[in-house]
Amino acid sequence: MIKHAPDIIRTIKDSQRDILIIPGGGVFADEIREQGVIGTAAHFMAIAAMDQYGWLLSTYGIPVTITPAFGTGPRILLPYDHMLQVDPLPHSWDITSDTISAYFAHLLSVPLILLKSLDYIQTQERQVTNLFPGMVTHDLDPAFIPYVFDNHISGHIIRGSDNARLADLLRGKQVPGTIFGGTI
């Protein structure tokens, strides 16, 4: 997604909506995985990687914040400080920015738009348009589906590289992707 970041940020800015962007860890988190770090150190290092990616995204013109709240226009949340203070999730590679984004959607009582590198989430057997409890998929972290259903979070998962689709979704149009918890 890093090569699509400038276009994604431009699309979000053009929407003129109050959006809180939760960055993934991207290549920064990948490096931590490759080093074999596990447990609490890996958890907080990966969240710090989300902050790094957030700073990178901010170079495309959206300001950062450390406060999980909406302001005027889009903001990029740097989640490290909040997650360190509140520490609401298990410390495991089963928790990635997917579930961390769901946590913030739940905290703020807002629907979640998750940008992934594919059109539809996939199980071993097939693509799916709707997530369901107990589903196992290789496209999301293992904690994500239980978390969104346990916390009644609704949202949409779409291909992040499709800027027209993202723009349409931000305008309230129906777009291809995977829906969970009802429509947004």
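Please refer to the structure placed before this passage.
Just so you know, the residues in each chain are numbered from 1, in the order the chain's sequence is written. Restriction of local features to residues with pLDDT of at least 70 applies here, the model being predicted, together with a cutoff of 80 or more for giving and counting side-chain atom pairs; totals for whole chains, interfaces and linings are based on all residues. Excluded from the side-chain calculations are hydrogens and water; all other atoms, namely the structure's heavy atoms, are used.

Draft legend 1. Seen up close, the sheet that holds strand β7 (residues 155-159). The pairing criterion for strands is at least two bridges between them, as found by DSSP. Think of it this way: any DSSP run of H or I at least four residues long counts as a helix, any run of E at least two long counts as a strand, and we number them from the N terminus. An order of β4-β7-β8 is seen for the three strands of this open sheet, with the pairing classed as mixed. Taken across any chain shown, the strands that pair with only one partner, and hence form the sheet edges, are β4 (112-116) and β8 (178-180). Across the sheet, the mean angle separating the axes of adjacent strands is 20 degrees when strand polarity is ignored. Of the strand pairs in this sheet, β7 and β8 are connected by three bridges, and their pairing is antiparallel. In the sheet register, Ile157 faces β8, and the bridge partner there is Thr178. Every residue pair with non-hydrogen atoms within 4.5 Å of one another is taken to be in contact. Between the N-to-C directions of two axes lies an angle of 0 to 180 degrees, each axis being a line fitted to C-alpha atoms and, for a helix, fitted only over the stretch in contact. Across the sheet, helix α7 (residues 163-170) lies against β4 and β7, angled at about 160 degrees from β7, the strand it touches most.

Draft legend 2. Structural context of the sheet that holds strand β1 (residues 20-21). Strands sit in the order β1-β3-β2 across an open sheet of three strands; the sheet is parallel. Every interior strand has two partners, whereas the edge strands, β1 and β2 (64-65), have only one.

Draft legend 3. Layout of unusual backbone geometry. Within the chain, Gln16 stands out as a residue other than glycine whose phi angle is a positive 55 degrees. Residue position: Gln16 is located in the loop between α1 (5-15) and β1. To sort residues, take the accessible area from a 1.4 Å probe on protein chains only and compare it with the maximum for the residue type: under 20% means buried, over 50% means exposed, and anything in between is partly exposed. On the accessibility criterion, Gln16 (71% relative accessible area) is exposed. Despite not being glycine, Ser109 shows a phi value in the positive range, around 55 degrees. Positionally, Ser109 belongs in the loop between α5 (97-108) and β4. The exposure class assigned to Ser109 is exposed, which follows from its relative accessible area of 66%.

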